[in-house]
Amino acid sequence: MSMVKRKRRLPRLSSRIWLILFIWVVCLLYLLFQGGKTSVMLFSMVTLLIVYLWMVGLSGVRRVQGHRQLSQGSEFGELLHAGDQVHVKLSLSIPGFLPLPYVIVREVLKRHTGESWSFEDSVIPSMKGGGQLTFQTPALERGSYYFEETECVSEDIFGLLEHKGKLNARGEFRVLPRTVFIPYWQINDRRSRMSGPQTVQTRTRRETTQINGVRDYVYGDRFSRIHWNATARTGSWKSKEFEHETVPKTMLVLDVQTRHYVNANQFELAVSSTASLLEYGGRERMGVGLCTAGEKGTVFQPSEQMMERQRMMHHLVDIHTTSQGSLMTAVESCVRQFPQGCYFILISPLKDQQALELLRWADTRGMTPCHVYIGEGSAEGEAEKWMSMLRARGIKGYDVESLEELPAVMGGGTQ
């Protein structure tokens, strides 16, 4: 298609050049054979016009330079989440001393999935050739984005010839999955009944007597928790922070098989639920790991460190469904990397024998299975039957119909 477009543009551009040269030759012949002031004036005007067009073509928009700045609102360098918009500021510098009436700027934003968005606007350069273009992208979904080469188009003041230039202003950014704040996860409740050998262990992260540091005072802290030395030194209320008892590690297993999802929105709900649980684990200092079960299993070991959690979040940015392999095979291939006695959290829309066998398989390996059922678009009553079946087998289950319901579901509001 691009070759066809070029063949259509070149004859139109060359025909204008040939027309101007033809007029110049006619004026030259008129000067040579006719003479007089009129012929001299016409020949001089056409010659000056050709010199002007030649100078505009050499300098001008063909040598355009510039740089790009990206921001979310007024904050530069802030992490972007799905649903956010990006403000783009493109600064242009057009060399040369001849004025240009306007410059049309065409931008193309591409996503790692192949989707693209086109932006086009006009800029009126200053006398020094400087210009600035600002625009805002639509609400973006998770993924990696980058800007292709910027195309700048301008015409001379007479509108005779069109000049083009390309500018490679780097602009790459990543949009993290959409997340929701989860205040409480019932899996850490010692009163919750879960299968496996870990049921005798304490499910709450009780504090020990070992001081781990100092934090800001929170309304409701006991009087005995106040750290008086830090309060006097900083001038603001500080409280002691104690270490917590260890709890079993948690592995989030995300199903990325294409045939298991009804549509793309259901898969995005699964990814967002996984990202929200990762953020919860970071706030609660839980050892949470991630396994994406596609053609092959990709495992991130459970960790409480922020850098490891960021690696998992950025892995979720580029994740996509695959039609290769199977869920059971992918999980079995990386089971050696799972911590012993961990929580096995399956995040999948499956509600059949395959999911039940995987949960039983995790139980036989000494793990505590749990199913986060992604039920968006499922028929009414199917989720309740599946949850009842899991409860009958001593397996915890959560029915997630939308991301907004996730905090209530994980906290025990609905099951």
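One structure accompanies this document, and this report is about it. Given the structure is predicted, the values throughout are model-derived calculations rather than measurements.

**Considering helix α7 (residues 353–364)**
- For α7, with twelve residues, the first-to-last C-alpha span of 16 Å sits near the 16 Å given by 1.5 Å per residue.
- When we look at burial in α7, the residues that qualify are Ala355, Leu356, Leu358, Leu359, Trp361 and Ala362.
- Two or three places before Gln354, at the start of α7, stands the capping residue Asp352, its side-chain oxygen 3.2 Å from that residue's backbone nitrogen.
- Positive phi appears at Gly366, one or two residues downstream of α7, with a value of about 85 degrees.

**Some thoughts on empty space enclosed by the protein**
- Under the definition given, this model contains two cavities of 30 Å³ or more.
- Considering only enclosed or pocket space, the second largest cavity measures out at about 40 Å³ in volume.
- As for the second largest cavity, its lining consists of Leu278, Gly281, Gly282, Met286, Val288, Ser303, Glu304, Gln305 and Arg309.
- Take the lining of the second largest cavity: its biggest share by element is three residues, from helix α4 (residues 264–283).
- Of the residues that constitute the lining of the second largest cavity, the class distribution is three nonpolar, four polar and two charged.

**Points about the sheet that holds strand β14 (residues 288–293)**
- Strands sit in the order β15-β14-β13-β16-β17-β18 across an open sheet of six strands; the sheet is mixed. Edge positions in the sheet fall to β15 (297–303) and β18 (396–400), since each of these pairs with one other strand and no more. For this sheet, the mean inter-axis angle between neighbouring strands, taken without regard to orientation, is 15 degrees.
- With five bridges joining them, strand β17 (residues 368–374) and β18 adopt parallel strand pairing. Looking at β18, one finds that Ile374 is bridged to Val400.
- Together, β13 (250–255), β14, β16 (343–348), β17 and β18 form the strand contacts of α4, whose direction differs from that of β13 by roughly 170 degrees.

**Focus: the pairing of β17**
- Most of β17 is tucked away: seven of the seven residues are buried.
- Between β16 and its parallel partner β17, the chain crosses via α7, and the hand of that crossover is right-handed.

**Things to note about the nonpolar core**
- If you look at the biggest cluster of nonpolar residues, it comprises 36 residues, and the most contacted ones within it are Trp185, Leu252, Ile345, Ile347 and Met410.
- Only β13, α4, β14, α5 (306–318), β16, β17, β18 and α9 (406–410) provide two or more residues apiece to this core.
- The element best represented in this core is α4, accounting for eight residues.
- Cys291, Leu327, Leu350 and Met387 belong to the second-largest nonpolar core, a separate cluster that totals 27 residues.

**Examining the pairing of strand β8 (residues 150–155)**
- Counting buried positions along β8 gives five out of six residues, so the element sits mostly inside the fold.
- One ladder, built from three bridges, connects strand β4 (residues 103–111) with β8; its direction is antiparallel. Its bridge partner being in β8, Ile104 is matched across the sheet by Val153.
- As paired elements, β8 and strand β9 (residues 162–167) share six bridges and run antiparallel to each other. Its bridge partner being in β9, Thr150 is matched across the sheet by Leu167.

**Side note on the packing of α7 against helix α8 (residues 382–392)**
- Packing of α7 against α8 leaves a shortest axis separation of 12 Å and a crossing angle of 25 degrees. Our classification of the angle between α7 and α8 gives roughly parallel. Judged by the twist between their axes, the crossing of α7 over α8 is right-handed. Contacts from Ala355, Leu356 and Leu359 in α7 reach Trp386, Met389 and Leu390 in α8.
- Residues belonging to the contact of α7 with α8 are distributed by class as follows: six nonpolar, no polar and no charged.

**A closer look at the packing of aromatic side chains**
- Within this structure, the stated rule accounts for ten aromatic pairs.
- Geometrically, the ring pair formed by Tyr261 and Phe267 is edge-to-face, given 5.2 Å between the ring centres and 85 degrees between the ring planes. The pair formed by Tyr261 and Phe267 is uniform in burial state, with each residue classed as buried.
- Grouped by ring-pair contacts, the aromatic residues Trp117, Tyr145 and Phe173 constitute a single cluster.
- A cation over a ring is seen here: Arg68 above Phe147, with NZ or CZ 4.2 Å from the ring centre.

**Remarks on α4**
- For α4, which comprises 20 residues, the first-to-last C-alpha distance of 29 Å matches the rise-based estimate of 28 Å (1.5 Å per residue) to within 8%.
- The element α4 is largely enclosed, with a buried count of 14 among its 20 residues.
- Between the side-chain oxygen of the N-cap and the backbone nitrogen of Asn265 there are 3.3 Å, and the N-cap of α4 in question is Asn263.
- Following α4 by one or two positions, Arg285 has its phi on the positive side, about 55 degrees.

**Digging into a nonpolar patch on the surface**
- Residues Tyr217, Tyr219, Phe223, Trp228 and Trp237 make up a contiguous nonpolar surface patch of about 710 Å² in total accessible area.
- For Phe223, the location among the structural elements is in the loop between β11 (207–216) and α3 (228–234).
- With relative accessibility at 63%, the residue Phe223 sits in the exposed group.

About the cut-offs
Residues numbered from 1 in each chain as written. Predicted model: local features only at pLDDT ≥ 70, side-chain atom pairs only at ≥ 80, totals over all residues. Heavy atoms only, no water. Helix = DSSP H or I, 4+ residues; strand = E, 2+ residues; numbered from the N terminus. Expected span 1.5 Å × (residues − 1). Buried < 20%, exposed > 50% of the residue type's maximum accessible area, 1.4 Å probe, protein only. Polar contact = N/O pair within 3.5 Å; in protein donor to acceptor, adjacent residues only side chain to side chain. 1 Å grid on protein atoms, 1.4 Å probe; cavity = no way out; pocket = protein on both sides within 12 Å on 5 of 7 lines; lining within 4 Å. Points joined across faces, edges and corners; volume = space filled by probe spheres on them. Nonpolar A, V, L, I, M, F, W, Y, C, P; charged D, E, K, R; others polar. Pairing = 2+ DSSP bridges. Axes fitted to C-alpha atoms, helices over the stretch in contact; angles between N-to-C directions. Contact = heavy atoms within 4.5 Å. Right-handed = clockwise from strand over helix to strand, strands pointing away. Core = buried A, V, L, I, M, F, W, Y, C linked by side-chain atoms within 4.5 Å. Parallel < 35°, antiparallel > 145°, perpendicular 65-115°, else oblique. Left-handed = near helix turned anticlockwise from the far one by under 90°. Phe/Tyr/Trp six-rings, centres within 6.5 Å; stacked < 30°, edge-to-face > 60°. Lys NZ or Arg CZ within 6 Å of the ring centre and 35° of its normal. Patch = residues over 30% accessible without salt bridge, like charges linked within 9 Å, V, L, I, M, F, W, Y side chains within 5 Å. Areas by Shrake-Rupley, 256 points an atom, 1.4 Å probe, with all protein chains shown as cover. Salt bridge = Lys/Arg side-chain N within 4 Å of Asp/Glu carboxyl O.

Just geometry here; none of it tells us what the structure is for.
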